[in-house]
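If you want the building blocks of each chain, they are given just below.
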Amino acid sequence: MSEAEIGIVLLSLKVAIWCVIVSLPPALLIGWLLARREFYGKTLVNVLVHLPLVMPPVVVGYILLVTLGKRGFIGSWLFDTFGISLIFNWKGVVVATAVMAFPLIVRAIRQAIEAVDQNLETAALTLGRSPALVFLTITLPLILPGILAGATLGFARALGEFGATITFVSNIPGETQTLPLAIYSLLQVPNGEEMALRLVILSALLAFLAIALSEWLARRSIKGLESRA
Amino acid sequence: MLDVSVKKTFGDFHIDASFSVGPGLTALFGPSGAGKTAIAKMLGGLETPDEGHIQIGDRTLFNRQKAINVPVQERNIGFVFQEHRLFPHYSVRGNLNYGQRNRQAGSGSVTFKDVVDLLGIGDLLARRPGSLSLGEQQRVAIGRALLSNPDFLVMDEPLSSLDSARKKDIIPLISRMKSEFGLTIIYISHSLGEITRLADSLVLLDKGQVKGAGPIENIVNNLELIPYTGGFDAGSVLEATVVSHDPSFNMSEIETEGGPMFIPGRDHPVGSKFRVRIRARDVALSAAEPKDLSILNRFKGQIIDHRSGQAGMEELLLDVGFRLTARITRKSFEQMKLGHGSEVWALIKSVTIGSSELDIHLI
């Protein structure tokens, strides 16, 4: 494997891991709200969360560009206040992949929360535990497999994200060029096919490892619960 | 002392119930849809009354006027639900310990060992709830509620998911729990058998209203309440002590407040206390002292109340040293010229006593 290839794989992994890290907490919150609470504008929240799933990725990337770009109203504020720029760097890739992966993670978590028997939570309350502790000791352990499933889906989505990334942060080797973008570029140039094929195989391998890891974690989490209880 | 006065409207169903609960086991008794579970939920804070108050001693759990509504987790009321509701991701031990941690183990509180021993769940501690039988699951659920050291224990039809063999196992446990731990229990049920077996007092509910409340003897001997306390199967409950056994005839003699009574042989030890239920329809009356009669149990007494029942029947309440309800036809009642104060002999066939498992219980 050449140095360039290793760079591409490491960047892709970094982006995918950060994508999952930044998506999980808000996805847990939104998933819980959608599963458990009735509030004004719930349908709107639901639609907004799912929009990236149904819109062309290029459109999502364009929307990110005009809002989070240097001249976008959020982007300019971020740059002026914090000096943060998302354009043309890996943080922008994380944002693009996170937006695309978010609906998948929320769906998995929401379904897991809906499957929890709320009678168990009520029983825990009658045993004198506060709602926060009930969430940590009853709800969270019971939905852990769902969270892991969501994280795996999100990770895989981030590894494969193409349209939104290339539109939002362009295709810059070493900065924003993840695996799919690199494969695309290689197929545009003569004699690039051999390296493209290697990257394709690496992609498949990473996806396989991600799924295997999540299965292993799911099993471990169940065992962990068993031994702790 | 628990003092309850709650009102709540669910669609066209209204609950309007006021009652007090003292120590021992008080049954909230009534047909399905009487509002028993809704009231239990209000006690636990799982449902909010529209109006009223709930008070334990001088601690207010709910008061609409004063805008007090103590949250579930701070009420300190233990719950045993119809379904066991054990946490599937904890072992039996984990479930039992779940409620313990936040509460101070006061001197009067129950210990883990006491509870495990009493419920006979010592061998199950390492297992998961999913691998237990229904009866075992319910025992663990009872243990979990006990170990949270509640001020009150609310048991919402805890036996309804069990078959009759399991019920027979668990009823004595509840009875022992009450006496050994000195617990105040609110027991919700629509089963007269469970209640005659376990209850010290009754709150009789129908359509969200309290129809009667008080010691169980008073309620079952109230002729007006017969439609709610068993109807056709209504009867009295009395306490008695085993005096002797006669193996040659397979009979047992028990002592009641009205004198000795003979019942089909039981194997309970001499001196042990019984609760006997005698159905009103199993009692016959005679105006004169009966002679040459097969019936062994004869009690002389007076009619202290009577009222017309359904289908040409007359319901009577007698004082024969204890309170005894009797049901005879209106025709007999008139022919014998009975009325308030009439002297009669009450006759109870021994074979009718203890014909069902629910009629005689050791207490």
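### Some words on empty space enclosed by the protein
The method is simple in principle: a probe with the dimensions of a water molecule rolls over the atoms, and the space it marks as empty is what remains.
Residues and elements named next belong to chain A.
Item 1. Evaluated as defined, the whole model comprises one cavity of 30 Å³ or more.
Item 2. Leu68, Gly69, Lys70, Gly75, Leu78, Phe79, Ile84, Ser85 and Leu86 are the residues that line the largest cavity.
Item 3. With three residues, helix H4 (residues 73-82) is the largest single contributor of residues to the lining of the largest cavity.
Item 4. By residue class, the composition of the lining of the largest cavity is five nonpolar, three polar and one charged.

### Observations concerning the nonpolar core
All names here are of chain B.
Item 1. Counting residues in hydrophobic clusters, the biggest one holds 47 residues, and the most contacted among them are Leu96, Leu153, Met155, Ile174 and Met177.
Item 2. Once residues within four sequence positions are removed from consideration, Met177 is found in contact with Leu118, Ile142, Leu146, Leu153, Met155, Gly182, Leu183 and Ile185.
Item 3. Of all hydrophobic cores here, the second largest spans 39 residues; its members include Ala17, Val21, Ala34 and Ile56.

### Things to note about the domain arrangement of chain B
Item 1. Looking at the assigned domains, one finds that chain B contains domain 1 (2-220) and domain 2 (271-362).
Item 2. A C-alpha centroid distance of 35 Å is found between domain 1 of chain B and domain 2 of chain B.

### Concerning the interface of chain A and chain B
Item 1. In this assembly, 22 residues from chain A lie in contact with 24 residues from chain B.
Item 2. Contact between chain A and chain B buries roughly 2000 Å² in total, counting both sides, with carbon and sulfur atoms accounting for 62%.
Item 3. Joining chain A to chain B, the criterion identifies five residue pairs in polar contact (both at pLDDT 80 or more).
Item 4. Within the residue set of the side of chain A that touches chain B, elements represented by two or more residues are helix H6 (118-126), helix H7 (131-160) and helix H10 (193-228) of chain A.
Item 5. Among the residues making up the side of chain A that touches chain B, the classes are represented as 13 nonpolar, six polar and three charged.

### Quick look at a nonpolar patch on the surface
Item 1. Together, Val59(A), Tyr62(A), Ile63(A), Leu65(A) and Val66(A) make up an exposed nonpolar region whose accessible area comes to about 400 Å².
Item 2. In this structure, Val59(A) sits in helix H3 (residues 57-68).

### Concerning the packing of aromatic side chains
Each aromatic ring pair is summarised here by two numbers: the centre-to-centre distance and the angle between the ring planes.
Item 1. One pass over the full model with this rule turns up eight aromatic pairs over all chains.
Item 2. Measuring from centroid to centroid gives 5.2 Å for Phe162(A) and Tyr184(A), while their planes differ by 65 degrees, and the two rings are edge-to-face. With Phe162(A) in the loop between H7 and helix H8 (163-169) and Tyr184(A) in helix H9 (residues 179-188), this pair connects stretches of sequence that are 22 residues apart.
Item 3. Given the relative accessible area of 27%, Phe162(A) is considered partly exposed.
Item 4. For Tyr184(A), a relative accessible area of 38% translates into the label partly exposed.
Item 5. Grouped by ring-pair contacts, the aromatic residues Phe87(B), Tyr90(B) and Tyr98(B) constitute a single cluster.
Item 6. Its end group placed over the ring of Tyr98(B), Arg129(A) keeps NZ or CZ at 4.2 Å from the ring centre.
Item 7. One residue, Arg85(B), lies across the ring of Phe81(B), its end atom 3.7 Å from the ring centre.

### Structural notes on the environment of Val22(A)
Residue and element names in this part refer to chain A.
Item 1. Mapped onto the elements, Val22 comes out in helix H1 (residues 3-36).
Item 2. Here Val22 falls in the partly exposed class, since its relative accessible area comes to 40%.
Item 3. It is 21 Å that separates the C-alpha atoms of Val22 and Ile8, two residues lying 14 residues apart in sequence.
Item 4. Setting aside anything within four residues of it in sequence, one finds Val22 in contact with Val94 and Ala98.

Quick notes on the rules
- Residues numbered from 1 in each chain as written.
- Chains lettered and ligands numbered in written order.
- Predicted model: local features only at pLDDT ≥ 70, side-chain atom pairs only at ≥ 80, totals over all residues.
- Heavy atoms only, no water.
- 1 Å grid on protein atoms, 1.4 Å probe; cavity = no way out; pocket = protein on both sides within 12 Å on 5 of 7 lines; lining within 4 Å.
- Points joined across faces, edges and corners; volume = space filled by probe spheres on them.
- Helix = DSSP H or I, 4+ residues; strand = E, 2+ residues; numbered from the N terminus.
- Nonpolar A, V, L, I, M, F, W, Y, C, P; charged D, E, K, R; others polar.
- Core = buried A, V, L, I, M, F, W, Y, C linked by side-chain atoms within 4.5 Å.
- Buried < 20%, exposed > 50% of the residue type's maximum accessible area, 1.4 Å probe, protein only.
- Contact = heavy atoms within 4.5 Å.
- Domains from an automatic or database assignment.
- Buried area = accessible area lost by both parts, 1.4 Å probe.
- Polar contact = N/O pair within 3.5 Å; in protein donor to acceptor, adjacent residues only side chain to side chain.
- Patch = residues over 30% accessible without salt bridge, like charges linked within 9 Å, V, L, I, M, F, W, Y side chains within 5 Å.
- Areas by Shrake-Rupley, 256 points an atom, 1.4 Å probe, with all protein chains shown as cover.
- Salt bridge = Lys/Arg side-chain N within 4 Å of Asp/Glu carboxyl O.
- Phe/Tyr/Trp six-rings, centres within 6.5 Å; stacked < 30°, edge-to-face > 60°.
- Lys NZ or Arg CZ within 6 Å of the ring centre and 35° of its normal.

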